[in-house]
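# Working through the structure, step by step
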Amino acid sequence: MLQKVYSYLETSKLKYLVFWLILFIFSAASTNWIYSGPSELFTVSAIKSTQQIFVAFMLIDFLLPVFLNKGKKVAFTLSLLFILLLSHTICMAIIKYHLEITYPSTYVNYLKRFSDLSLFGRVTHVNEFITKSLSLLYPAFLLLALKLYNDKQQLLKLNEQKKTAELTALKNQLNPHFLFNTLNNLYSLALKKSDDTTKVIQKLSNILDYILYRCNDNYVSLDKEIDLIENYLSLEKIRYGDRVHISFSKNVSGEEKIAPLLLLTFIENAFKHGVTNEIKQAVIEINISKKNEQLIFSVVNSKPQGVEIKKDKKSIGLTNIKNQLELLYPKAYDLIIKNKSNSYSANLKLDII
């Protein structure tokens with residue numbers, strides 16, 4: 001039960017509500033002796049928590065990503081000082097014009113620290129500004145520490161998942177049915193003493209050599225992946241003959257870097273679901289191009305009509321592909337799948353590494 005609650009908090013925004021609720025309760029409990037009653041305690045704690053939430057939100061969700069993460073340190077510092085000064089001014093105004101009037105006895109000793117009791121005098125009091133700023137900032141620092149810890153744990157988890165995914169990918173990328181049918185075709189060609197026999201052996205050898213030994217890096221040049229795809233398409237053409245019409249267009253330099261074996265997954269699925277059960281001629285269209293700093297890949301296959309296709313639970317499937325993309329291209333890809341009555345398409349955009 002506790003594990004389920006923890007998992008739910010991790011995957012929802014509720015964890016932030018819990019964090020601020022705990023902080024509110026702690027703040028109220030640690031300062032209850034200062035104030036005259038529950039009403040004042042709740043009012044002051046609510047005002048303080050609201051300002052802390054505002055400062056934390058501005059710091060973590062705005063100032064850090066917009067300024068500090070982009071190297072704009074001066075803009076970050078000035079913006080943070082402005083937000084702290086704004087919050088400090090609002091706090092001083094609430095104390096002067098509301099809390100001191102409503103609960104005068106609480107602020108008798110507090111007012112002695114100011115030589116100038118005007119709003120300007122209070123706002124420009126350096127020690128008070130530093131004290132209030134630290135009070136407003138410490139929840140944001142706690143959230144940042146928790147975020148860094150969670151990011152580190154997530155990174156360790158992703159690295160472990162990536163290793164598992166890579167091993168799974170090596171086993172699943174080249175469908176066993178493809179190997180089985182290619183070897184059968186090779187056997188038939190050998191019996192017929194066909195000139196295609198040596199071509200099939202060479203292309204199959206090239207594919208296995210690449211998958212097993214030449215794609216161990218995280219990213220490889222795109223021309224190597226294109227060679228792999230062309231070898232794969234050549235073998236499938238020999239296998240299916242006139243049963244499939246394949247078009248493969250490329251508008252790239254080939255020097256772009258890409259995660260190995262990723263595109264082949266989509267193409268293999270296109271053959272598996274678009275050609276295997278097709279009685280008439282199937283159509284597969286593949287396109288690789290580059291636009292600005294993105295690699296654009298699309299594969300469209302026709303779907304057999306009037307044929308019930310059984311779902312293969314062991315296939316890589318869309319979920320596995322998305323998991324690989326999340327591991328290899330976190331927040332750097334866009335995948336659109338369209339499953340129509342007569343066609344199936346996958347359109348993938350990747351930020352070039």
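Coordinates for the structure precede this section.
Residues numbered from 1 in each chain as written. Predicted model: local features only at pLDDT ≥ 70, side-chain atom pairs only at ≥ 80, totals over all residues. Heavy atoms only, no water.

## Observations concerning the sheet that holds strand S2 (residues 244–251)
Read from one edge of the open sheet, 5 strands run S2-S4-S5-S7-S6, paired in mixed fashion. Either end of the sheet is taken by a strand with one partner, and the two such strands are S2 and strand S6 (333–339). Each neighbouring strand pair of the sheet contributes to a mean axis angle of 5°, computed without reference to strand direction. Pairing between strand S4 (residues 282–291) and strand S5 (residues 294–302): 8 bridges, direction antiparallel. (Pairing = 2+ DSSP bridges. Helix = DSSP H or I, 4+ residues; strand = E, 2+ residues; numbered from the N terminus. Axes fitted to C-alpha atoms, helices over the stretch in contact; angles between N-to-C directions.)

## Side note on the packing of aromatic side chains
Evaluated as defined, the whole model comprises 9 aromatic pairs. Between Phe19 and Trp20, the ring centres sit 5.1 Å apart and the planes meet at 80°, which makes this aromatic pair edge-to-face. A single burial state applies to Phe19 and to Trp20, both of which are buried. Their ring planes at 75° and their centres at 5.9 Å tell us that Tyr219 and Tyr329 sit as a pair that is edge-to-face. You can see Tyr219 sitting in the loop between helix H8 (196–213) and strand S1 (220–221) and its partner Tyr329 sitting in the loop between helix H11 (317–328) and S6, a full 110 residues away along the chain. Given the relative accessible area of 2%, Tyr329 is considered buried. Linked through ring pairs, Tyr107, Tyr110 and Phe114 together constitute an aromatic cluster. When the ring centre of Phe248 is taken as origin, the NZ or CZ atom of Lys250, which lies over that ring, is 4.4 Å away. (Phe/Tyr/Trp six-rings, centres within 6.5 Å; stacked < 30°, edge-to-face > 60°. Buried < 20%, exposed > 50% of the residue type's maximum accessible area, 1.4 Å probe, protein only. Lys NZ or Arg CZ within 6 Å of the ring centre and 35° of its normal.)

## With respect to unusual backbone geometry
The phi dihedral of Asn292 is positive, around 55°, even though this residue is not glycine. For Asn292, the location among the structural elements is in the loop between S4 and S5. Look at Asn292 and you get exposed, because its relative accessible area is 65%. At Lys331, a position not held by glycine, the phi torsion is positive, near 60°. Inspection of the secondary structure assignment puts Lys331 in the loop between H11 and S6.

## Comments concerning helix H10 (residues 262–274)
End to end, H10 covers 19 Å across 13 residues, agreeing with the expected 18 Å (1.5 Å per residue, within 8%). Counting buried residues along H10, 12 of its 13 residues qualify, which places the element largely inside the surrounding structure. Burial in H10 covers these residues: Leu262, Leu263, Leu264, Thr265, Phe266, Ile267, Glu268, Asn269, Ala270, Phe271, Lys272 and Gly274. (Expected span 1.5 Å × (residues − 1).)

## Thoughts on the pairing of strand S7 (residues 343–351)
Each regular strand displays side chains that alternate between the two surfaces of the sheet. Both S5 and S7 contribute to a ladder of 9 bridges, which runs antiparallel. Its bridge partner being in S7, Ser298 is matched across the sheet by Asn347. Examined bridge by bridge, S6 and S7 share 7 bridges and lie antiparallel to one another. If you follow Asn339 over to S7, its bridge partner there is Tyr344.

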